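Examining the three-dimensional arrangement
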Amino acid sequence: MDAYEARSCLDVITEELSEEEAADEDAFVMVPDSHSPDAFCSQCRTLTHTGSAAHACHALLTPAAAAQQMKDELSRSRSKLSEKIVEMENFASNLEEIFITVEENFGRQEQNLEQHYNEVLQTLSQRNDARAAALDEQKNRKLERLYSELLQCGQTLDASKELIESAQEVHRRQDKRAFLQAVMPVIKRVEQFSSTEVDLKLGVSLDFDVPTTDLSDVRQMMDSINLLPAPSAPVMNPQICNSATDTSLHVCWSLFSDDTVEFYELHWRLISDDCTMETPQDVSQLKVKETHCTVSDLLPNAQYELWVTATNTTGISPASERAVYMTVPSPPVIKPRQCVSSLDAALIRWDSGNTNPVESYTLEFRESDADGSNTATESIVAIPSCECLVQLQPWKRYIISVRAVNIGGPSERSEPIDVSTAGTFFHLLEDTAHPSLSLSANGLTMFYLDEDLPLSHMTFSDSTFARCVAVLGDLVPIRGQYYWEIEVDEDTEFRVGVAYEDTQRNSYLGGNNTSWCMRHIVTPSRHKYEFLHNGWTPDIRITVQPLRIGVFLDYAAGILSFYNAALRQHLHTFSCHFLHYLHPCFALDNPGALTLRTGLSAPAYVTCP
């Protein structure tokens, strides 16, 4: 039975135990027979009777409790066995990989040995042919020399025979006078021939000079036949948390066997939508001695595919399975102009700072004391989007930063932002402003210039006001208390108040049921003030013109109040149950300027009238 069959059997046992559990419990709660055991000895692990002398000093359990205890023990044993089976499965998987690697190494080693064998035989054959050719040339030289000496000897013999025949012919002459005349030249020739020494020694050695053969290269080839197997395929380790930065990856791998490795070669390439095919240009590689390496000069928040090979004197291993590592993101960028706060909360917004999406964000905040000391840092994790509403303590200052997180780990902290909960902080929303409005660099002053902008030069969107020259502000989306002030010139016609986010952009503030505002109108006779909602206003006369107006919004009390902040004078209060979150709204009905003052705590005459 293999590990997989064992696991199947365990699953079947578990199902059977689960199905029979209720039936077993019912069986144990049945009224027992007077002769049947009614207790279980936990020490002897056997059924017995209550009061049995043999088990008097032992701990006894009821059959139901004992059965439950045994079931728990069986469950724990099954869990341990399951863990063992998982280990065995992993070990079997490793053995399978090693088995395949051994087969591959054997094939490569066999091919390597055959190649070395053929190379040695080829070299020896070349050496043998060279020696045979040298011996054949030496034989030809010897035969030519012997043939030359043989010809010379034959010529000498022919000359000797001719001289002997001439002497015999002279010796046979009967005429003494003719004999004497002919004999002297013959005697001179014989004496001259006799005086010439004839070399009768063999001029050619019969022994052959056996040429020496240089077999050093063959010996080197024999020495190079290494019985060391080529390495098995390395195994890439999964990416370790916090092992990456935004431009580097720390990569680790291992071997299942004690292979001898001279060096590893790590390969990697970027994975992106624009890089779906592997080309030589986008694959980088690096040789290292250890089983780990840090790859640098990478892109932030990017996935890389990595694989590694091992090399020794015998050859190169198969490539490892390809692993995917990821660099951590770049730090986010907090947008101070879009961050708002109140007495007990803050809404922080930021840009991702990364081209590719990240998994989540972590917001970190700590209280900053007046003496400059910092308290412990708190964190909000797994934030899915680029904004977070954080609950804070009133009348405090906080240092807030953001990290981007992916599977590679968290990024470095963003540049921190200083947030105060001493009042209401917000800016004007430029994307809601009418095209005729201009906002200051700090986002707190709006200008309506004294020149008519042609309609063709105006750009409108779904969020911009099209009829009323207005702009919205942004509050923390919490139903709390908020206070802010505005400053205007005495001749400026304006509207200030609150409105729902979806208030109509083609109507005037206060002219619909989604906005509440205070309006100032300059007439030839006086300064007129209206408190408009749905186009209706009460008849209120204000004798002292307010140039610094305080606005107080209290969701819980359902009130929106206006004050002459310079005189601490209450002007008017709307009472309403606000169904949705409100936005401060500001409008200019004639050219002029309006300045917003935020970060103010609500005065006592406002909160406790």
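Residues numbered from 1 in each chain as written. Predicted model: local features only at pLDDT ≥ 70, side-chain atom pairs only at ≥ 80, totals over all residues. Heavy atoms only, no water.

Notes on the overall build of the protein chain
The following threshold applies: Secondary structure counts use DSSP, requiring at least four H or I residues in a row for a helix and at least two E residues in a row for a strand, with both numbered from the N terminus. Residues count as neighbours in contact if any of their non-hydrogen atoms are within 4.5 Å of one another. Throughout, the Shrake-Rupley method with a 1.4 Å probe supplies accessible areas, and for residues the shown protein chains are the sole cover considered.
For the protein chain, the helix and strand inventory stands at five helices and 31 strands. In the protein chain, the share of contacts with a sequence separation of at least 24, taken over all contacts with a separation of at least 6, comes to 66%. On the protein chain, roughly 36,400 Å² of surface is accessible, and the fraction owed to carbon and sulfur atoms is 53%.

Some details on the packing of aromatic side chains
In this description, an aromatic ring pair is defined by two values, namely the gap between the centres and the angle between the planes. To keep it simple, the criterion reads: Stacked, tilted and edge-to-face are the three classes assigned to paired rings of Phe, Tyr and Trp, where Trp is represented by its six-membered ring and a pair needs centres within 6.5 Å; plane angles under 30 degrees give stacked, over 60 edge-to-face, the rest tilted. When accessible area is computed with a 1.4 Å probe and restricted to protein chains, residues below 20% of their type maximum are described as buried, those above 50% as exposed, and intermediate ones as partly exposed. Consider the ring centre and the ring normal. A charge sits over the ring if Lys NZ or Arg CZ is within 6 Å of that centre and within 35 degrees of that normal.
Under the definition given, this model contains twelve aromatic pairs. A centroid spacing of 6.2 Å and a plane angle of 80° characterise the contact between Phe562 and Phe574, whose relative ring orientation is edge-to-face. Placement of Phe562 in strand E28 (residues 559-564) and of Phe574 in strand E29 (residues 569-575) is noted, with a sequence separation of twelve residues between them. Using a relative accessible area of 9% as the deciding quantity, one classes Phe574 as buried. In this structure an aromatic cluster arises from ring pairing among Tyr482, Tyr500, Trp516, Tyr555, Phe578 and Tyr581. For Arg322, the ring lying beneath its charged end belongs to Trp307, and the centroid distance is 3.7 Å.

Observations concerning the pattern of salt bridges
Operational definition: Think of a salt bridge as a Lys or Arg side-chain nitrogen and an Asp or Glu carboxyl oxygen that are within 4 Å of each other.
Scanning all chains against the criterion turns up 18 salt bridges. A salt bridge links Glu367 to Lys396; its shortest N-O distance comes to 3.3 Å. Taken as a pair, Glu367 in strand E14 (residues 360-367) and Lys396 in the loop between strand E16 (387-391) and strand E17 (397-406) lie far apart in primary sequence, 29 residues in all. The exposure class of Lys396 is partly exposed, given its relative accessible area of 31%. Between Arg548 and Glu485 there is a salt bridge, with its nearest N and O atoms 2.8 Å apart. Of this pair, Arg548 sits in strand E27 (residues 548-554) while Glu485 sits in strand E23 (residues 481-488), placing them 63 residues apart in sequence. By relative accessible area, which is 24% here, Arg548 ends up partly exposed.

Comments concerning the confidence of the model for the protein chain
To be explicit about the condition: Per-residue confidence from the predictor is reported as pLDDT, which spans 0 to 100.
Considering every residue of the protein chain, the mean pLDDT works out to 82; 84% of them sit at 70 or more. Confidence drops under a pLDDT of 50 for residues 20-33, and excluding neighbours within four residues, the segment shows seven contacts in the predicted structure. Segment residues 275-280 is flagged for pLDDT under 50; beyond a separation of four residues in sequence, or across chains, it makes ten contacts in the model.

Digging into the sheet that holds strand E6 (residues 263-271)
To keep things clear, this is the line we draw: Note: two strands are recorded as paired if DSSP finds a minimum of 2 bridges between them. Inter-axis angles, ranging from 0 to 180 degrees, are taken between N-to-C directions of lines fitted to C-alpha atoms, where helices are fitted over the stretch in contact.
If you trace the four strands from one edge of the open sheet to the other, you get E7-E6-E9-E10, paired in antiparallel fashion. Of all strands in the sheet, those bounded by a partner on one side alone are strand E7 (283-288) and strand E10 (323-326). Neighbour to neighbour, the strand axes of the sheet diverge by 30° on average, direction disregarded.

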